[in-house]
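# Survey of secondary and tertiary structure
Spelled out, the chains give:
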Amino acid sequence: MLRGIDVSAYQSASYSTDGLAFVFVKATEGRTYVNPKLAAQTKRARDAGLVVGFYHFLWPGNLAAQAEYFVSRAPERAGDILAVDWEATGEGSFASTAEKDAFLRKVKQLRPKQRVILYCNRNFWLNVDDTSYAGDGLWIADYVTAGRPRIKAAWRFHQFTDDPVDTNVADFDSPAALRAWARPK
């Protein structure tokens, strides 16, 4: 298993990259928010030679506009991964399964040469989702032993704790295998 973290404006732009193979950076949310540390957090990961992913926190409604907003602000480089963060908003609302699926498909249409994956927690995967569509891969949040999320579905990334930062593992044998997967033909 490879180790990685995900960061947002809540984390420093000078986070530790020791022992990491990948970093996911929050890029956008809805149709108006851009992470003010996006460029600096991305540079930190790239300078360390890590695989970089970007995620968008999905709000209900305006899916095409949100997808266009996300891809217009997320850096575009071969081997970068794009993810949709599907969970409840601070207001308690959330995009429907159909909206999540439409967003994933629209992002894939806009960036066909990049992997597009779904991030969600175990509860959403088991109790909210009714299609099991995760684009090119599932990134599951379940705070248990690293690499042992309590789901039966195949997954690529597992967020297993948020203490002290969101910490993840990836189901790849090596950094080279992750890099190869992240560059679809």
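Residues numbered from 1 in each chain as written. Predicted model: local features only at pLDDT ≥ 70, side-chain atom pairs only at ≥ 80, totals over all residues. Heavy atoms only, no water.

## Some remarks on the pairing of strand S9 (residues 166–170)
Within S9, four of the five residues are buried, leaving the element largely enclosed by the surrounding structure. Sheet analysis places strand S1 (residues 2–7) next to S9, joined by five bridges and oriented antiparallel. Counted as the bridge partner of Asp6 is Asp166 from S9. Here strand S8 (residues 157–161) pairs with S9 via four bridges, running antiparallel. Bridge pairing in S9 places Thr161 opposite Thr167. Taking the residues between adjacent antiparallel strands as the criterion, S8 and S9 are bridged by four residues. (Buried < 20%, exposed > 50% of the residue type's maximum accessible area, 1.4 Å probe, protein only. Helix = DSSP H or I, 4+ residues; strand = E, 2+ residues; numbered from the N terminus. Pairing = 2+ DSSP bridges.)

## Quick notes on the layout of surface pockets
Considered as a void within the structure, the largest pocket measures approximately 260 Å³ in volume. Elements represented by at least two residues in the lining of the largest pocket include exactly S1 and strand S4 (51–57). The class makeup of the residues in the lining of the largest pocket is seven nonpolar, three polar and five charged. Here the second largest pocket defines a volume of roughly 190 Å³. What lines the second largest pocket is Arg46, Gly49, Leu50, Val51, Val52, Arg77, Ala78, Gly79, Asp80, Arg179, Ala182 and Arg183. Secondary structure elements with two or more residues in the lining of the second largest pocket: S4 and helix H5 (175–182). When the residues that make up the lining of the second largest pocket are grouped by side-chain class, the tally is five nonpolar, two polar and five charged. (1 Å grid on protein atoms, 1.4 Å probe; cavity = no way out; pocket = protein on both sides within 12 Å on 5 of 7 lines; lining within 4 Å. Points joined across faces, edges and corners; volume = space filled by probe spheres on them. Nonpolar A, V, L, I, M, F, W, Y, C, P; charged D, E, K, R; others polar.)

## Structural notes on the environment of Ala9
Mapping Ala9 onto the fold places it in the loop between S1 and strand S2 (22–29). For the pair formed by Ala9 and Arg46, sequence separation is 37 residues and the distance between their alpha carbons is 18 Å.

## Here's the deal with the nonpolar core
Ranked by size, the top nonpolar core spans 37 residues in total, and within it Val23, Phe54, Leu118 and Leu138 carry the most contacts. In terms of residue count, the dominant contributor to this core is helix H2 (residues 63–73) (four residues). Residues within four places of Leu118 in sequence aside, it is in contact with Val84, Trp86, Lys100, Leu104, Trp125, Tyr133, Ala134, Gly137, Leu138 and Trp139. By size, the runner-up hydrophobic cluster in this structure holds 18 residues, among which are Leu2, Ile81, Ile117 and Trp181. (Core = buried A, V, L, I, M, F, W, Y, C linked by side-chain atoms within 4.5 Å. Contact = heavy atoms within 4.5 Å.)

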